Amino acid sequence: MWGSRAFLAGWLLLLLVQLLCLEAVPISIDKTKVKEPEKKPEEPPDTGLHYDRYLREVIDFLEKDQHFREKLHNTDMEDIKQGKLAKELDFVSHHVRTKLDELKRQEVNRLRTLIKAKQDLEGGNDIAVDHQALLKQFEYLNHMNPHTFEVEDLDRLIRSATKDLENYDKERHEEFKRYEMMKEHDRREHLKTLDDEERKKEEEHYEEMKKKHADHPKVNHPGSQNQLKEVWEEADGLDPEDFDPKTFFNLHDTNGDGFFDEQELEALFTKELEKIYDPTNEEDDMVEMEEERLRMREHVMNEVDSNKDRLVSLDEFLVATKKKEFLEPDSWETLEQNQAYTDDEMREFEEHLAQQEQDLNQKAFDLQKQRDELERQQEQLNAQKMELQQVRNEYKIVFFFTIEGNAVPEIPAVESQLHEAQQQGHDPAPQGHHPVPEGHDPALQEHHPVPEGHDPALQEHHPVPEGHDPALQDHPAPQGHDSVPQAPQDIPQEHHGQENQDQAQQGLPQTHDNIPPGHNIPPVQGQNQLP
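Just so it is clear, the structure is predicted and the values come from calculations on it, not from any experiment.

*Asks:* Looking at this structure, I do not really get the overall build of the chain. What am I missing?
*Replies:* Helix and strand counts for the chain come out as 18 helices and 2 strands. In the form shown here, the chain has an accessible surface area of approximately 33900 Å², with 49% of it arising from carbon and sulfur atoms.

*Asks:* How should I be thinking about helix α2 (residues 52-63) in this particular structure?
*Replies:* Quick reminder: α-helices carry 3.6 residues per turn. Residues three or four places apart thus point the same way. If you check α2, its first and last C-alpha atoms are 17 Å apart, about what 12 residues at 1.5 Å a residue would give, namely 16 Å. Within the span of α2, buried status applies to Asp52, Tyr54, Leu55, Val58, Ile59, Phe61, Leu62 and Glu63.

*Asks:* Please explain the nonpolar core as it appears in this structure.
*Replies:* Across soluble globular proteins, nonpolar side chains show a tendency to be buried alongside one another. In this structure, Tyr54, Val58, Leu100, Tyr140 and Leu154 are the most contacted members of the largest nonpolar core, which totals 30 residues. The set of elements that each furnish at least two residues to this core consists of α2, α3 (66-73), α5 (94-121) and α7 (151-192). In terms of nonpolar packing, the next biggest core, distinct from the first, is built from 27 residues, Val219, Ala235, Phe260 and Leu335 among them.

*Asks:* Honestly, a negative patch on the surface in this entry has me stumped. Any pointers?
*Replies:* Together, Glu233, Glu234, Asp239, Glu241 and Asp242 make up a negatively charged patch on the protein surface. Mapped onto the elements of the fold, Glu233 is located in helix α9 (residues 225-234).

*Asks:* Any chance you could explain the UniProt feature "domain: EF-hand" (unreviewed entry) in the chain here in plain terms?
*Replies:* Here, the residues flagged by UniProt with the feature "domain: EF-hand" (unreviewed entry) are residues 240-275 and 292-327. Split by type, residues 240-275 is 56% helix and 6% strand. Its first and last C-alpha atoms lie 19 Å apart. What you have in residues 292-327 is 67% helix and 6% strand, and the ends, taken at the C-alpha atoms, are 22 Å apart.

*Asks:* Just checking my understanding: could you explain the packing of α2 against α5 for this structure?
*Replies:* Angle between the axes and distance between the axes: these two values describe a pair of packed helices. Remark: α2 packs on α5, axes separated minimally by 10 Å, with the N-to-C direction vectors making an angle of 175 degrees. Viewed along their axes, α2 and α5 adopt a mutual orientation that is roughly antiparallel. Counting all contacts with α2, which are made through Tyr54, Glu57, Val58, Phe61 and Leu62, the residues of α5 involved are Val96, Lys99, Leu100, Leu103, Lys104 and Glu107. When its residues are assigned to classes, the contact of α2 with α5 shows 7 nonpolar, no polar and 4 charged.

*Asks:* Which parts of the structure should I look at to understand the packing of aromatic side chains?
*Replies:* Within a pair of aromatic rings, the relevant descriptors are the distance that separates the centres and the angle that separates the planes. According to the stated counting rule, one finds 9 aromatic pairs in the structure shown. Judged by centre distance (6.3 Å) and plane angle (10 degrees), the rings of Phe248 and Phe317 are stacked. One end of the pair, Phe248, is in helix α10 (residues 245-252); the other, Phe317, is in helix α14 (residues 314-320), and 69 residues separate them in sequence. A relative accessible area of 8% places Phe317 in the buried class. Grouped by ring-pair contacts, the aromatic residues Trp232, Phe243, Phe248, Phe249, Phe260 and Phe317 constitute a single cluster. The cationic tip of Lys64 hangs over the ring face of Phe61; the distance from NZ or CZ to the ring centre is 4.3 Å. The ring of Tyr206 has Arg187 sitting right over it, with the charged end atom 4.0 Å from the ring centre.

*Asks:* It is not clear to me how helix α16 (residues 343-403) should be interpreted in this structure. Could you clarify?
*Replies:* The end-to-end C-alpha distance of α16 is 89 Å, a good match for the 90 Å that 61 residues give at a rise of 1.5 Å each. Of all the residues in α16, the buried ones are Met346, Phe349, Leu353, Ile397 and Phe401.

*Asks:* Explanation requested: the environment of Gln106 in the structure shown.
*Replies:* Relative to the assigned elements, Gln106 resides in helix α5. Once the C-alpha coordinates of Gln106 and Tyr54 are considered, the two residues, 52 residues apart in sequence, prove to be 9.0 Å apart.

*Asks:* What should I look at first to understand the pattern of salt bridges in this one?
*Replies:* Pairing between side chains becomes possible if they bear opposite charge and their charged atoms approach one another. The full count for this structure, using the stated rule, is 35 salt bridges. In this structure, Arg187 engages Glu184 in a salt bridge whose closest nitrogen and oxygen atoms are separated by 3.0 Å. With Arg187 and Glu184 both in helix α7 and 3 residues apart, the pair spans about one turn of that helix. Glu184 sits in the buried class, given a relative accessible area of 10%. The closest approach of N and O atoms between Lys201 and Glu197, which form a salt bridge, is 3.9 Å. Taken as a pair, Lys201 and Glu197 lie in helix α8 (residues 196-214) at a separation of 4 residues, close to a single helical turn. Note on Lys201: relative accessible area 52%, which makes it exposed.

*Asks:* Explain the confidence of the model for the chain here, please?
*Replies:* In low-pLDDT segments, the atomic positions of the prediction should not be examined closely. The pLDDT averaged across the chain works out to 74; a share of 63% of its residues lies at or above 70. Averaged pLDDT values over the elements of the chain bottom out at 41 in helix α1 (residues 2-11) and peak at 95 in α10. Every residue in residues 1-41 is under pLDDT 50, and counting partners more than four places away or in other chains gives 131 contacts. Ignoring residues within four places in sequence, the model shows residues 426-438, a span with pLDDT below 50, making 20 contacts including any to other chains.

*Asks:* Looking at this structure, I do not really get a nonpolar patch on the surface. What am I missing?
*Replies:* A contiguous nonpolar surface patch, about 370 Å² in accessible area, is contributed by Tyr395, Phe399 and Ile403. Here Phe399 shows up in helix α16.

*Asks:* Please explain the environment of Phe138 as it appears in this structure.
*Replies:* Residue position: Phe138 is located in the loop between α6 (131-135) and α7. On the basis of relative accessible area, Phe138 is assigned to the buried category, the value being 13%. Phe138 sits 18 residues away from Arg156 along the chain, and the two C-alpha atoms are 9.9 Å apart. Aside from chain neighbours lying at most four places away, what touches Phe138 is His50, Leu111 and Ile115.

*Asks:* Is there a simple way to think about the packing of α7 against α8 in this case?
*Replies:* Where α7 contacts α8, the two axes come as close as 9 Å, and the packing angle between them is 155 degrees. For the element pair α7 / α8, the angle class is roughly antiparallel. α7 and α8 meet at a crossing whose hand is right-handed. For the pair α7 and α8, the contacting residues are Glu184, Arg187, His190, Leu191 and Lys192 in the first and Arg199, Glu202, Glu203 and Tyr206 in the second.

*Asks:* Help me understand the side chain of Asn220 in this model?
*Replies:* Turning to its location among the elements, Asn220 is positioned in the loop between α8 and α9. One polar contact links Asn220 to Glu230, side chain to side chain, over a distance of 3.0 Å. The contacts of Asn220, once residues within four sequence positions are left out, are Asn226, Gln227, Glu230, Glu272, Lys275 and Trp332.

Here is what the cut-offs are and how they apply
- Residues numbered from 1 in each chain as written.
- Predicted model: local features only at pLDDT ≥ 70, side-chain atom pairs only at ≥ 80, totals over all residues.
- Heavy atoms only, no water.
- Helix = DSSP H or I, 4+ residues; strand = E, 2+ residues; numbered from the N terminus.
- Areas by Shrake-Rupley, 256 points an atom, 1.4 Å probe, with all protein chains shown as cover.
- Expected span 1.5 Å × (residues − 1).
- Buried < 20%, exposed > 50% of the residue type's maximum accessible area, 1.4 Å probe, protein only.
- Core = buried A, V, L, I, M, F, W, Y, C linked by side-chain atoms within 4.5 Å.
- Patch = residues over 30% accessible without salt bridge, like charges linked within 9 Å, V, L, I, M, F, W, Y side chains within 5 Å.
- Salt bridge = Lys/Arg side-chain N within 4 Å of Asp/Glu carboxyl O.
- Lys, Arg positive; Asp, Glu negative; His and termini not counted.
- Charge placed at Lys NZ, Arg CZ, Asp CG, Glu CD.
- UniProt positions renumbered as here; feature names shortened; annotations may be inferred.
- Axes fitted to C-alpha atoms, helices over the stretch in contact; angles between N-to-C directions.
- Parallel < 35°, antiparallel > 145°, perpendicular 65-115°, else oblique.
- Contact = heavy atoms within 4.5 Å.
- Nonpolar A, V, L, I, M, F, W, Y, C, P; charged D, E, K, R; others polar.
- Phe/Tyr/Trp six-rings, centres within 6.5 Å; stacked < 30°, edge-to-face > 60°.
- Lys NZ or Arg CZ within 6 Å of the ring centre and 35° of its normal.
- pLDDT = per-residue confidence, 0-100.
- Left-handed = near helix turned anticlockwise from the far one by under 90°.
- Polar contact = N/O pair within 3.5 Å; in protein donor to acceptor, adjacent residues only side chain to side chain.

Next up, the structure:
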C-alpha cells in the first residue's frame, strides 16, 4: 500500500512529493545475520507542514481512483508542476470527489478554529473576526469556496507544497543556527557570573571538550564509493570486494518502491555519524548530529537527484556511481570544521536578545504600574462605599424622626441616643420634646401662640368645657347662624358666656374660642346633621 503511495507522493511533490523525515533514522542492521521480520504497512513520515494531515488524506483518496493513478504514471514532472495533472480531478469518481469535499470543509473549519484561538490568546475576544480575510494567508486551498474540492484546490496544494518543502530545509538550518548561537550566548552569560579563577577553569574545560569531540575517525564523503562500501560491509555483512551498486540499491530500498526517499538516504549515513557522536559523551550534542545528517542528505540529493523530485531512482543512482565524485571524492568537512554562524551574526543575535530583554522589562514595568493603579482605584472605591453606607445610615435616622413628626437633632447625638435605646430595648424620645398626653392626637403636639388676653397655661392643650362634645367643635353652624365666627378679640367676654349658654340650651355646639388657631376638634359621629 505504502509503496504506491510513496510513488504517488514522489510525483506529486507536495501532494505527491516524498515526505521529509523529522524523526530519528533507524540504524542499519546486518541483513545476512538477522532474519527480517514480517513487513507491516509503513506510515508516511510527517512532512512538518502545518497541513500535513490534510495532505495525507487527499493523497489517500486520490490514490484510490484508478483513472487518476493511470494519468499519474503517464504524466511528466513538468506537467505536474504546471497544473496539468490537477485537471484530471474532473474525471475521478463521484465517491472520491464527495470525500475530498468533506476533507476540505473539515480543513477550513480547522483553520477557522485556529484563527479564533489565536485571537483569544492575543486578547481580542470582543473583536469581530473576518475569517475570509485571514484565510487568505493559507494558499494551499481556495478559501472563497469552502464547501467543495475543485481543480483549483488540487493545483494550489501542489504548488504550495512544492514551495513549502523547498524552503523547509532552509528553515531547519536557520533554526539550528539559532540553537547554536543561543548555546554560545548562555555559555558567555554563565562565565560572567564566575570569578577569575572559576572562569579560567571553565574555559579550559570547554576547550578540552571541543578537542575531544574533534578527535574521531575519518568521516567518508556522503554518497561516495568508500562510504557505501563501509555500509555494505559493516551493516549488510557483505564482502566489500563484491560490492554491486544495483544490489546495494535494492537492499536499502526498504519499501521496495524503486526509489531512495530522503528517509532511506539518511539511514545510510548512520555509520558515519556514529564515528562523531555518542549520546553518552558530554562533548557530543545530539542536536548537532541531526543537523549533520541533514547536511549529508542534502549533499547527496544535490549530486544524484537529477530531476529534482526529491527522490533518487535506480537509474539516477547507477549514473552517479560512475562519476569521478563517487570514485575519488573530496574529504568531508564536519560541523566542528564549519561553524554554523559568523561573528557578525552572533553580535546581531545578542543585540536582538538584549532588545527583547529590554522590551520584556519595560512590559513588566508597565504591568506593575497598571497593577498599582488598579489597587489605588480599588482603595478609592472602597472609601466611596464606606461614605455611601454612612449616608444611608444618616438617611435612615432622618427618615425615622421625620415620620415621628419630631425635629431632627444633630446626627452624632441621634446616633448616641439610638445606640442607648438599642441597649435599653426601647426607642428614645428626642431631646427638647414633651411626650404626647394619653388620648391626644400626636398631630396636636405642635404649639401655637395663645391669643392676647388668654391664659398662657392654655398654650399647649385647652380642655373642652363640661357638657360639650369635642367632636362638634368644628361642625358647621346651624341655619340662621353665621358660618364664620368672629375673631375672639372682636367679641366682648360677656357675650361669649351668654352665647355659650344659649347654644347649650338649644342643643347646639358651643363656640370654643379658647382653642388656639390650628387646633380643630373633629365632628362627633352621628351628629353630621342638625334637626
